[in-house]
Amino acid sequence: MECTDKIRSIKAPSQEISCMEMYAPLLEELFTLTSEDWELDETTNNIEDVVEIATSLYGQERYGEALSLLTQMIVTLNNHFERDEWYSMFDDFNSMDHSESLIDTMDLFEELLQNKTSPQSLTDPILQTLRMVSEDNVLANYSSWDISPLLNLQDKTKDNGIHPDSNILK
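Residues numbered from 1 in each chain as written. Predicted model: local features only at pLDDT ≥ 70, side-chain atom pairs only at ≥ 80, totals over all residues. Heavy atoms only, no water.

**A few points about the overall build of the chain**
The following threshold applies: Every helix listed is a DSSP run of H or I at least four residues long, and every strand listed is a run of E at least two residues long, numbered separately from the N terminus. Exposure is judged per residue with a 1.4 Å probe applied to protein chains only, and the accessible area is read against the type maximum: over 50% gives exposed, under 20% gives buried, and values in between give partly exposed. By the convention used here, residues are in contact when the closest approach between their heavy atoms is within 4.5 Å. Computed by Shrake-Rupley with a 1.4 Å probe, the accessible areas treat only the displayed protein chains as cover when residues are assessed.
Within the chain, the secondary structure is distributed over nine helices and zero strands. Here the chain, with 170 residues, has 48% of them falling under the buried criterion. Long-range pairs, those at least 24 residues apart, make up 73% of the contacts in the chain between residues at least 6 apart in sequence. Carbon and sulfur atoms make up 45% of the accessible area of the chain, which amounts to about 8,600 Å² in all.

**Topic: the packing of aromatic side chains**
Stated precisely, the cut-off is as follows: Paired rings are identified among Phe, Tyr and Trp, the last through its six-membered ring, by centres lying within 6.5 Å, and are further divided according to the angle between planes into stacked (under 30 degrees), edge-to-face (over 60) and tilted (the rest).
Following the criterion strictly, the structure yields one aromatic pair and no others. Relative to Y63, the ring of Y58 lies with its centre 5.4 Å away and its plane at 50°, an arrangement referred to as tilted. For the pair formed by Y58 and Y63, the shared burial category is buried.

**Some points on the pattern of salt bridges**
For the record, the criterion: Whenever a carboxyl oxygen of Asp or Glu lies within 4 Å of a side-chain nitrogen of Lys or Arg, that contact is scored as a salt bridge.
What the rule picks out here adds up to three salt bridges. We note a salt bridge from D5 to R8, for which the minimum N-O separation is 3.8 Å. With D5 and R8 both in helix α1 (residues 3-9) and three residues apart, the pair spans about one turn of that helix. Classification of R8 by relative accessible area gives partly exposed; the value is 38%. Taking the shortest distance from any N to any O, the salt bridge between R8 and E52 comes out at 3.3 Å.

**Section: the packing of helix α4 (residues 63-83) against helix α7 (residues 120-136)**
Counted only if it meets this: Fitted lines through C-alpha atoms serve as axes, helices being fitted only where they are in contact, and the angles separating the N-to-C directions of these axes extend from 0 to 180 degrees. Every angle not falling under 35 degrees, over 145, or within 65 to 115 is termed oblique; those three ranges are roughly parallel, roughly antiparallel and roughly perpendicular. The handedness criterion is simple: a crossing whose near helix is rotated anticlockwise from the far helix by less than a right angle is left-handed, and one whose near helix is rotated clockwise is right-handed.
One can describe the packing of α4 onto α7 by two numbers: an axis separation of 10 Å at closest approach and a directional angle of 15°. Compared by their axis directions, α4 and α7 come out roughly parallel. For α4 against α7, the interelement crossing comes out left-handed. From α4, Y63, G64, L67, S68, T71, I74, V75 and N78 reach across to α7, where they touch L122, T123, I126, T129, L130, V133 and D136.

**Notes on unusual backbone geometry**
The phi torsion at E61 lies on the positive side, around 60°, for a residue other than glycine. By the secondary structure assignment, E61 is in the loop between α3 (41-59) and α4.

**Things to note about the nonpolar core**
Stated precisely, the cut-off is as follows: By nonpolar core is meant a set of buried Ala, Val, Leu, Ile, Met, Phe, Trp, Tyr and Cys residues that side-chain atoms within 4.5 Å join together.
One finds L27, L69, M73 and L130 to be the most contacted residues of the largest nonpolar core, which totals 45 residues. Elements with a minimum of two residues in this core: α1, α2 (20-30), α3, α4, α6 (99-114), α7, α8 (138-142) and α9 (148-151). Broken down by element, the residue count for this core peaks at 10 residues, all from α4. Apart from the residues within four sequence positions on either side, L69 is in contact with I7, Y23, L27, V50, I53, A54 and L57.

Structural measurements only, silent on function.
So, in structure tokens, the structure goes:
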């Protein structure tokens, strides 16, 4: 069974709390670079697959799982840049053809964090994790994955328009 199929098959016991730890080992395996992926095609495809799975979870109103999966993906990518020195293997993350996935990810994050039904028991640990990733400055230094707008979402009653032209949730 492929990693993405394993990710799809996971069912969290609760949508009220973060379940990032369920996804961590599978995402770690999924985002381990192979020596043949110097163009990052496989990595780009894997990001797209994870965003697609998270979008599907969102559509099923499995908000806790969707938010946890996206957050763990960001943590995993951040860790690989730092620990595995991805930054020395290629110029930067922007060399990947991932712009739609990035926009879709940010929009889905915004929607999930703004969701009035998402309890603080879910969003608080997610936001704490995203703050730690943001403070690392790894993704900010080596990619266009600026997650700082997500940390400043105040009003859950309106769309902050992080990427107003995205159509992922339409």
